[in-house]
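Fold and contact review
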Amino acid sequence: MKHFKQSLLGGALVLATGLAQAEVTGNIAAVSDYLFRGISQSSNAAIQGGFDVANDSGTYAGTWLSNIDFGGGTEVDLYGGYGGETAGGLGYDAGVLYYWYPDSGGDGNEYDYAEIYVGLAMGMFSANIAYTAWGETDDAPFDTGDVYYSIGAEFPMSDLSLGLTLGYYDFNEEIQDDTESYGHFAASLGKDVGDFGSMSVNMEFTNADEDNATINDDGPNVWIGWSKEF
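Residues numbered from 1 in each chain as written. Predicted model: local features only at pLDDT ≥ 70, side-chain atom pairs only at ≥ 80, totals over all residues. Heavy atoms only, no water.

**Remarks on the pairing of strand S4 (residues 46-54)**
Bridge analysis of strand S1 (residues 24-31) against S4 gives 8 bridges, and the strand direction is antiparallel. The residue of S4 that forms the bridge with Ile 28 is Gly 49. In this sheet, strand S5 (residues 59-67) lies alongside S4 in antiparallel orientation, the contact comprising 7 bridges. Across the sheet, Gln 48 pairs through a bridge with Ser 66, a residue of S5. (Pairing = 2+ DSSP bridges. Helix = DSSP H or I, 4+ residues; strand = E, 2+ residues; numbered from the N terminus.)

**Some details on the pairing of strand S6 (residues 74-85)**
Pairing analysis gives 9 bridges linking S5 to S6, with the strands arranged antiparallel. Residue pairing in the sheet places Ser 66 in a bridge with Glu 75 of S6. Hairpin connection of S5 to S6: 6 residues between the antiparallel strands, including Gly 71 at a positive phi of 60°. With 10 bridges connecting them, S6 and strand S7 (residues 90-100) associate as antiparallel partners. Within the sheet, the bridge partner assigned to Gly 83 lies in S7 and is Asp 93. Once S6 ends, the chain turns through 4 residues before running back antiparallel as S7, passing Gly 89 with a positive phi of about 90°.

**Observations concerning a nonpolar patch on the surface**
Together, Val 24, Ile 28, Phe 51, Val 53 and Phe 230 give the surface a local cluster of nonpolar side chains, amounting to about 470 Å² of exposed area. Looking at where Ile 28 falls in the secondary structure, it is placed in strand S1. (Patch = residues over 30% accessible without salt bridge, like charges linked within 9 Å, V, L, I, M, F, W, Y side chains within 5 Å. Areas by Shrake-Rupley, 256 points an atom, 1.4 Å probe, with all protein chains shown as cover. Salt bridge = Lys/Arg side-chain N within 4 Å of Asp/Glu carboxyl O.)

**Describing the pattern of salt bridges**
Enumeration over the complete set of coordinates arrives at 2 salt bridges. Arg 37 is paired through a salt bridge with Glu 115; the nearest N and O atoms lie 2.8 Å apart. A residue pair is termed long-range when its members are at least 10 positions apart, and Arg 37 in the loop between strand S2 (35-36) and strand S3 (39-40) and Glu 115 in strand S8 (residues 113-122) qualify at 78 residues. Overall, the relative accessible area of 0% leaves Glu 115 in the buried class. (Buried < 20%, exposed > 50% of the residue type's maximum accessible area, 1.4 Å probe, protein only.)

**Examining the sheet that holds S8**
Around the barrel, which closes on itself, the 12 strands sit in the order S1-S4-S5-S6-S7-S8-S9-S10-S11-S12-S13-S14 with antiparallel pairing between neighbours. With strand direction ignored, the average angle separating the axes of adjacent strands in the sheet is 20°. Of the strand pairs in this sheet, S8 and strand S9 (residues 125-135) are connected by 10 bridges, and their pairing is antiparallel. Each bridged residue has a counterpart across the sheet, and for Tyr 117 the counterpart in S9 is Ala 130. (Axes fitted to C-alpha atoms, helices over the stretch in contact; angles between N-to-C directions.)

**Thoughts on unusual backbone geometry**
Even without being a glycine, Arg 37 presents a positive backbone phi close to 55°. Given a relative accessible area of 1%, Arg 37 falls into the buried group.

**A look at the nonpolar core**
Grouped together as the largest cluster of nonpolar side chains are 26 residues, with contacts concentrated most on Tyr 34 and Tyr 182. Where this core is concerned, the elements lending two or more residues are S2, S4, S5, S7 and S8. (Core = buried A, V, L, I, M, F, W, Y, C linked by side-chain atoms within 4.5 Å.)

**Comments concerning the side chain of Glu 204**
Considering the arrangement of structural elements, one finds Glu 204 in strand S13 (residues 198-206). For the buried Glu 204, no salt bridge exists, and the shortest N-O distance to an oppositely charged side chain is 9.3 Å, to Arg 37. Within polar-contact distance, the side chain of Glu 204 engages the backbone nitrogen of Gly 38 at 3.3 Å. (Lys, Arg positive; Asp, Glu negative; His and termini not counted. Polar contact = N/O pair within 3.5 Å; in protein donor to acceptor, adjacent residues only side chain to side chain.)

Below, the structure written as structure tokens:
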């Protein structure tokens, strides 16, 4: 959804509470590796970007895409939802996100799936839940019944910003008996470089290991990124 997708839900919450000022916005990014919830999706560099449309009522919709190293080589995210902020400063967001792999199927697997998400934020802190409502694949994670929980915090430090995310991916083991649930931690140090956008250095790892048939990337993985909104 957002260009640096350490947490899709965190990005959606920022989108819902911040884009009411403009009808259409866009973003572009280049990253040394595209990690999603601690797991590399590209193995190498990725070019990413998207567009968002929002109105004053709090409803929004958008799309985001990136190159990947599976499922035909392209991920396209389509999403929409509703969000805002209470008078007391509590941000809220709920919506639906569809992960589309338009060129998948060549290896005999289809990877498309859809999530329902809910997020809350107060000050520097946020909490999010994403539930996989539908999944097209039968022999890999990201299938019906999966749940991803995450909490996050962002700490401004002069002209830098430190972001922390702690998550847990709870797979529906009745369907995916060869894929174990895992925990995820991410830390990001970002810097605004004015008209040139922003830069970040990121570190992520999971507790998934070689005993996990599908998710076996424990890290730590370090990647750098550049992004710009317009």
